Amino acid sequence: LGEYATTLLGGLHDGTVVWSRTLQGTTQAALTRIDHGPDGGVYVGGRGDTLSTFADGRVIGGAGESDAFVARLDTEGDVV
């Protein structure tokens, strides 16, 4: 993993974990907002000082010194 990492867990009301996804960055990467969508997906917002990458290889940010991002994950935890 990168120097900084955050893991998102998706699960059921009984606490069963259905999926997990990691967001990693080479420097500071932080999730600052998480919200559920009407379709059961998850919206996340955050910031990163450089490139931030989901474990599936999708890259977000990286346009400059401090970047903001919004990403949507579906009910399976895949970035869409």
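Residues numbered from 1 in each chain as written. Predicted model: local features only at pLDDT ≥ 70, side-chain atom pairs only at ≥ 80, totals over all residues. Heavy atoms only, no water.

**Here's the deal with the overall build of the protein**
- Within the protein, the secondary structure is distributed over 0 helices and 7 strands.
- Put simply, the protein has 80 residues, and 32% of those count as buried.
- Within the protein, counting contacts between residues at least 6 apart in sequence, those at least 24 apart form 34% of the total.
- Only carbon and sulfur atoms are counted for the fraction: they give 51% of the accessible area of the protein, which is about 4,900 Å². (Helix = DSSP H or I, 4+ residues; strand = E, 2+ residues; numbered from the N terminus. Buried < 20%, exposed > 50% of the residue type's maximum accessible area, 1.4 Å probe, protein only. Contact = heavy atoms within 4.5 Å. Areas by Shrake-Rupley, 256 points an atom, 1.4 Å probe, with all protein chains shown as cover.)

**A short note on the nonpolar core**
- Core analysis: the biggest nonpolar cluster contains 10 residues, these being L8, W19, L23, L31, V42, V44, F69, A71, L73 and V79.
- Among the elements that line this core, the one with the most residues is strand β7 (residues 67-73), at 3 residues.
- Aside from chain neighbours lying at most four places away, what touches V42 is W19, I34, D35, H36, A71, R72 and L73. (Core = buried A, V, L, I, M, F, W, Y, C linked by side-chain atoms within 4.5 Å.)

**Focus: the environment of V44**
- One can find V44 in strand β4 (residues 42-48).
- Overall, the relative accessible area of 1% leaves V44 in the buried class.
- For the pair V44 and L31, spaced 13 residues apart in the sequence, the C-alpha separation amounts to 6.8 Å.

**Some thoughts on the pattern of salt bridges**
- Applying the stated rule across the entire model yields 3 salt bridges.
- The closest approach of N and O atoms between D35 and R33, which form a salt bridge, is 3.6 Å.
- When its relative accessible area of 38% is taken as the criterion, D35 is described as partly exposed. (Salt bridge = Lys/Arg side-chain N within 4 Å of Asp/Glu carboxyl O.)

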